[in-house]
Amino acid sequence: MSPAMANAMTTSSCKPSDGQLESQLYHKGVKQLCDNGITKVPYKYILPVPERPSSISDGRSSAKHHNLKLPVIDFSELKGLNRSQAVKSLADACEQYGFFQLVNHGIPMDVINNMIDVSRRFFELPFEERSKYMSSDMRAPVRYGTSFNQSKDKVFCWRDFLKVMSNSSSDVHWPSSPIDFRGLAATYAKETKHLFLMIMEAILEGLLGTTEEDKTKENEVILEEFEDGSQLMVVNCYPPCPEPDLTLGMPPHSDYGFLTLLLQDEVEGLQIQHNQKWLTVEPIPNAFVINVGDHLEIFSNGRYKSVLHRVLVNSTAYRVSVASLHSLSLMSMVKPWPRLIDEENPRRYKDTNFATFLEYISTREPKHKDFLESRKLYS
């Protein structure tokens, strides 16, 4: 590495002097920066003071050392005699928190451990191998990248990712390396899709009920649509950061789909905004963190809210997570369900679909719940 390059990579207070140097430094990803031995956070990753995780200037505690115990849903109870109570607990969690942790979900431990392991090994590949999948095309079926939206972000976040559209296992363009990635990830995708369908069945019961035959048939029609729906797998890598108080692994955002099933290792990092405070989610071994997405907020006509969340980084440990985002098929329209609209609860959202979402975020820097706000109807 040239002296000029090394100096630029270890100086947090100086802007890069030209676009070519900036591209070399940042667009190859955080893992590449770390492999080059940086000791300070480069300028491109330093957030404005009010947006830093240590800041309290916006009146909201960063709660860096305050943990949140999310509602815990025992999936086995959804399949047993206590289903009605479990459905109610699930509805309460969606309405009050927008997040919950799911235990006893039935996905074998080896499937989970293998997915975390092969994800780590993907990011340990030489950059030349990872870069085969690097693309700025948000519609690419497999895409390796960095930050949140590297073509639009003014400030980069401390994160590299691999995104794979996996809604049809026969058509998925899985990475060819590591050699066992395709088999392990395909198994994991199949298991999480099945789990999503069963959770959505319970969520629909809580929202729409099942006491009448027409309601039951209505639920079945919706579930059939989900069976052919979209599934986006996002594998995240958050390398150790030399100055973690200056940046974030992911900025505050909500997820676009119906539900996100998050598998994380035992390194803390996920925070959600609850009661106007940022609180760290305590990892539970072998559990999924599940959250309401924008599409479920629209479908429920605002009864269930997607919740802002972000990711902290740390100076000592790699953190790896696998998010599985589920919704209807890419061209299907998501809209408030008619039975959830009445005089007291008028329609609150426009129709939307995945194409609309992609068009929105490809033209601007994504922030907070801006996309969902663009779909709201105001009287």
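I will try to describe carefully the structure that is included in this document. From a predicted model like this one, the values you see are computed outputs, not experimental measurements.

### Notes on the overall build of the chain
Line of reasoning, step 1. Per the secondary structure count, the chain includes eleven helices and 13 strands.
Line of reasoning, step 2. Of all 379 residues assigned to the chain, the portion counted as buried reaches 54%.
Line of reasoning, step 3. Within the chain, residue pairs in contact and separated by at least 24 positions form 77% of the contacts whose partners lie at least 6 positions apart.
Line of reasoning, step 4. Accessible area for the chain stands at about 17000 Å²; split by element, carbon and sulfur atoms hold 50% of it.

### Section: unusual backbone geometry
Line of reasoning, step 1. In this structure, proline 178 follows serine 177 across a cis peptide bond, with omega equal to -10°.
Line of reasoning, step 2. For proline 178, the position within the fold is in the loop between strand E5 (160–165) and helix H7 (181–208).
Line of reasoning, step 3. Not every positive phi belongs to a glycine, and asparagine 104 is a case in point at roughly 50°.
Line of reasoning, step 4. The backbone phi angle of asparagine 286 is positive, close to 60°, even though this residue is not glycine.
Line of reasoning, step 5. Relative to the elements of secondary structure, asparagine 286 occurs in the loop between strand E10 (277–281) and strand E11 (288–292).

### Regarding the pattern of salt bridges
Line of reasoning, step 1. Under the counting rule described, the total for this entry stands at twelve salt bridges.
Line of reasoning, step 2. With a shortest N-O distance of 3.1 Å, glutamate 297 and lysine 369 are connected by a salt bridge. On the criterion of sequence distance, the pair formed by glutamate 297 in helix H9 (residues 294–299) and lysine 369 in the loop between helix H10 (354–361) and helix H11 (370–374) is long-range, its members being 72 residues apart.
Line of reasoning, step 3. Residue glutamate 297 is classed as buried on the basis of its relative accessible area of 1%.
Line of reasoning, step 4. The exposure class assigned to lysine 369 is buried, which follows from its relative accessible area of 17%.
Line of reasoning, step 5. Where salt bridges share partners, they join Asp117, Arg121 and Asp180 into one cluster.

### What to know about H7
Line of reasoning, step 1. The end-to-end C-alpha separation of H7 is 39 Å, in line with the 40 Å expected for 28 residues at 1.5 Å each.
Line of reasoning, step 2. Just downstream of H7, glycine 209 is the residue with a positive phi angle, here 80°.

### Observations regarding the sheet that holds strand E7 (residues 250–253)
Line of reasoning, step 1. Spatially, five strands are ordered E1-E10-E9-E12-E7 in an open sheet, and the strand pairing comes out mixed. Each edge of the open sheet carries a strand with a single partner, namely strand E1 (67–68) and E7.
Line of reasoning, step 2. Note: strand E9 (residues 270–274) against strand E12 (residues 309–311), three bridges, orientation antiparallel. Bridging from a neighbouring strand, glutamine 271 pairs with arginine 310 of E12.

### Structural notes on empty space enclosed by the protein
Line of reasoning, step 1. Taken as a whole and judged by the stated rule, the model has one cavity of 30 Å³ or more.
Line of reasoning, step 2. As a volume, the largest cavity reaches approximately 50 Å³.
Line of reasoning, step 3. In terms of lining residues, the largest cavity is bounded by Ser136, Met138, Arg143, Thr146, Phe148, Asn149, Gln150, Ser151 and Phe161.
Line of reasoning, step 4. Each residue belonging to the lining of the largest cavity can be placed in one class, and the counts come to three nonpolar, five polar and one charged.

### Remarks on a negative patch on the surface
Line of reasoning, step 1. A surface patch of like charges, here negative, comprises Glu201, Glu220, Glu224, Glu225, Glu227 and Asp228.
Line of reasoning, step 2. Here the element with the most residues in the negative patch is helix H8 (residues 213–227); it accounts for four residues.
Line of reasoning, step 3. For glutamate 224, the location among the structural elements is in helix H8.

### Quick look at the packing of helix H4 (residues 83–96) against H7
Any two packed helices are characterised by the angle at which their axes cross and by the distance between the axes.
Line of reasoning, step 1. At a minimum axis distance of 9 Å, the contact between H4 and H7 shows a crossing angle of 85°. Taken together, H4 and H7 sit at an angle that is classed as roughly perpendicular. Note on element contacts: H7 touches H4 through Ile199, Glu201, Ala202, Ile203, Glu205 and Gly206, opposite Arg83, Val87, Leu90 and Cys94.
Line of reasoning, step 2. Per-class residue counts for the contact of H4 with H7 are six nonpolar, one polar and three charged.

About the thresholds
- Note that residues are indexed from 1 along each chain, following the sequence as it is written.
- With the structure being a predicted model, the display of local features is reserved for residues of pLDDT at least 70 and the display and counting of side-chain atom pairs for 80 or more, all residues being used for whole-chain, interface and lining totals.
- Side-chain measures here rest on the full set of heavy atoms in the structure, leaving out hydrogens and waters.
- A run of DSSP states H or I qualifies as a helix once it reaches four residues; a run of E qualifies as a strand once it reaches two. Both are numbered from the N-terminal end.
- Accessible area is worked out with a 1.4 Å probe on protein chains only. A residue is then buried under 20% of its type maximum, exposed over 50%, and partly exposed in between.
- Note on contacts: a residue pair is in contact if any heavy atoms of the two residues lie within 4.5 Å.
- Accessible areas in this description were obtained via Shrake-Rupley with a 1.4 Å probe; residue shielding takes into account the shown protein chains only.
- Every case where a carboxyl oxygen of Asp or Glu lies within 4 Å of a side-chain nitrogen of Lys or Arg is listed as a salt bridge.
- Expected helix span is given by 1.5 Å per residue-to-residue step, counting one fewer step than there are residues.
- What makes two strands pair is DSSP finding at least two bridges between them.
- Think of a 1 Å grid over just the protein atoms. A cavity is a set of points where a 1.4 Å probe fits yet cannot get out, a pocket is an open set with protein on both sides within 12 Å along at least five of seven lines, and lining residues have an atom within 4 Å of a point.
- Grid points are joined across faces, edges and corners, and a volume is the space filled by probe spheres set on the points.
- For this classification, Asp, Glu, Lys and Arg are treated as charged, while Ala, Val, Leu, Ile, Met, Phe, Trp, Tyr, Cys and Pro are nonpolar and the rest, including Gly, are polar.
- A patch consists of residues whose relative accessible area exceeds 30% and which take part in no salt bridge; residues with like charges are grouped when within 9 Å of each other, and nonpolar side chains (Val, Leu, Ile, Met, Phe, Trp, Tyr) when within 5 Å.
- We treat Lys and Arg as the positive residues and Asp and Glu as the negative residues; His and chain ends play no part in the count.
- We put the charge of a Lys on NZ, of an Arg on CZ, of an Asp on CG and of a Glu on CD.
- In this analysis, axes come from line fits to C-alpha atoms, helices being fitted only over the stretch in contact, and the angle between any two N-to-C directions falls in the range 0 to 180 degrees.
- For classification purposes, an angle smaller than 35 degrees is called roughly parallel, one larger than 145 roughly antiparallel, one from 65 to 115 roughly perpendicular, and anything else oblique.

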